[in-house]
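Notes for the structure review
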Amino acid sequence: MGDIKIDPHMGLPAGFHFSQSNLQDFVDCPRRFYLRHILNQQWPAPTTEPQREFEQAMQNGERFHRVVERHQLGIPLSLMSALSPLDGWLTRYEQHLATLGPFDQVWAEIAFSSLIGNHTLVAKFDLLALKGNTIIAIDWKTGKLPQRPTLQRRLQTLVYLYVLHQEASRYLGKPLDTYTLTYASVATGEIQTFDYSPSEGYTGRLTTLLNNIQHSAFQKTDDQRHCRFCAYRSLCERGTTPTALPDEYDIDGDWAIPRDTENEVEF
Ligand code: SF4
């Protein structure tokens with residue numbers, strides 16, 4: 001099978017919104033961004049092996065996020081049946097809330113959108129929590145957290161802190177002092193927190209990234225570690241059998257966690 005031809009006249013679909021997920025696709029592999037978001041190519045290769053284990057992990061992650069959303073709407077956890085592994089996850093979820101709280105107000109599963117240039121950037125937060133003049137976006141992870149430098153480089157950290165800083169104060173109708181993103185693993189109990197800092201140059205980095213997408217030739221990545229997790233392996237002639245295990249994949253964020261992240265591209 002020959003390589004696919006990139007059509008330079010095909011742009012982003014009408015109404016396309018950028019998000020941490022599709023931006024991460026571009027950073028990991030421009031070709032994946034083209035196939036998934038411009039061509040809307042369906043290519044149902046399994047992401048990891050064994051596939052059954054991966055699907056079970058996906059279902060457990062979705063159930064956990066549903067239970068937590070209902071709990072934040074006021075339904076007691078004791079009224080929601082929770083079989084393993086959710087029972088352990090929910091215990092750690094309560095421990096995290098006790099550590100991070102108490103909060104003045106919370107919002108579950110809330111999305112903000114923000115303009116950057118002519119583009120819309122969307123961030124969907126698992127939980128937003130107000131504590132005095134600090135707004136905390138909490139992202140629940142049902143797997144082990146990557147190391148802090150890796151999390152710091154992830155597009156999720158960049159996008160969430162940018163959108164939170166742009167929109168939270170306006171949403172609340174009051175000034176805020178601190179904008180925080182907290183990753184909390186309910187599998188391991190780990191917590192990693194990042195505060196918004198103007199020195200990080202969020203606007204410039206995101207603007208550069210969006211410009212790169214607009215002028216990209218959508219080449220395949222040279223870093224074939226990303227292909228191990230990718231559904232387009234066959235199409236790209238980068239293998240037909242997955243070589244990644246479910247615990248190497250971030251079920252909640254839909255992004256892979258390569259074991260060796262030393263060479264990860266930074267924005
Ligand atoms: S298989 Fe590899 S080269 Fe092809 S889209 Fe996926 S990550 Fe990119």
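Note that the coordinates shown come from a computational prediction; the quantities given were computed from them, not determined experimentally.

Overview of the nonpolar core
- Judged by nonpolar contacts, the single largest core of 40 residues is most densely connected at Leu23, Leu121, Phe125, Leu128, Ile135 and Val159.
- Within the residue set of this core, elements represented by two or more residues are helix H1 (20-28), helix H2 (30-38), strand S2 (105-116), strand S3 (119-131), strand S4 (134-141), helix H6 (155-172), strand S5 (178-185) and helix H7 (202-214).
- Take this core: its biggest share by element is nine residues, from H6.
- The contacts of leucine 128, once residues within four sequence positions are left out, are Gln105, Val106, Trp107, Ile110, Phe112, Ile135, Ile136, Ala137 and Leu164.
- Formed by 19 residues, the second largest nonpolar core is a distinct cluster that contains Val67, Leu77, Met80 and Ala129.

Observations regarding the packing of H1 against H7
- For the pair H1 and H7, the least separation of the axes is 11 Å and the interaxial angle reads 65°. One way to sum up the angle between H1 and H7 is to call them roughly perpendicular. Helix-helix and strand crossings are classified by hand; for H1 and H7 the assignment is left-handed. Facing H1, whose interface residues are Leu23, Phe26 and Val27, H7 presents Leu206, Leu209, Leu210, Asn212 and Ile213.
- Residues that form the contact of H1 with H7 fall into these classes: seven nonpolar, one polar and no charged.

What counts and how
- Residues numbered from 1 in each chain as written.
- Predicted model: local features only at pLDDT ≥ 70, side-chain atom pairs only at ≥ 80, totals over all residues.
- Heavy atoms only, no water.
- Core = buried A, V, L, I, M, F, W, Y, C linked by side-chain atoms within 4.5 Å.
- Buried < 20%, exposed > 50% of the residue type's maximum accessible area, 1.4 Å probe, protein only.
- Helix = DSSP H or I, 4+ residues; strand = E, 2+ residues; numbered from the N terminus.
- Contact = heavy atoms within 4.5 Å.
- Axes fitted to C-alpha atoms, helices over the stretch in contact; angles between N-to-C directions.
- Parallel < 35°, antiparallel > 145°, perpendicular 65-115°, else oblique.
- Left-handed = near helix turned anticlockwise from the far one by under 90°.
- Nonpolar A, V, L, I, M, F, W, Y, C, P; charged D, E, K, R; others polar.

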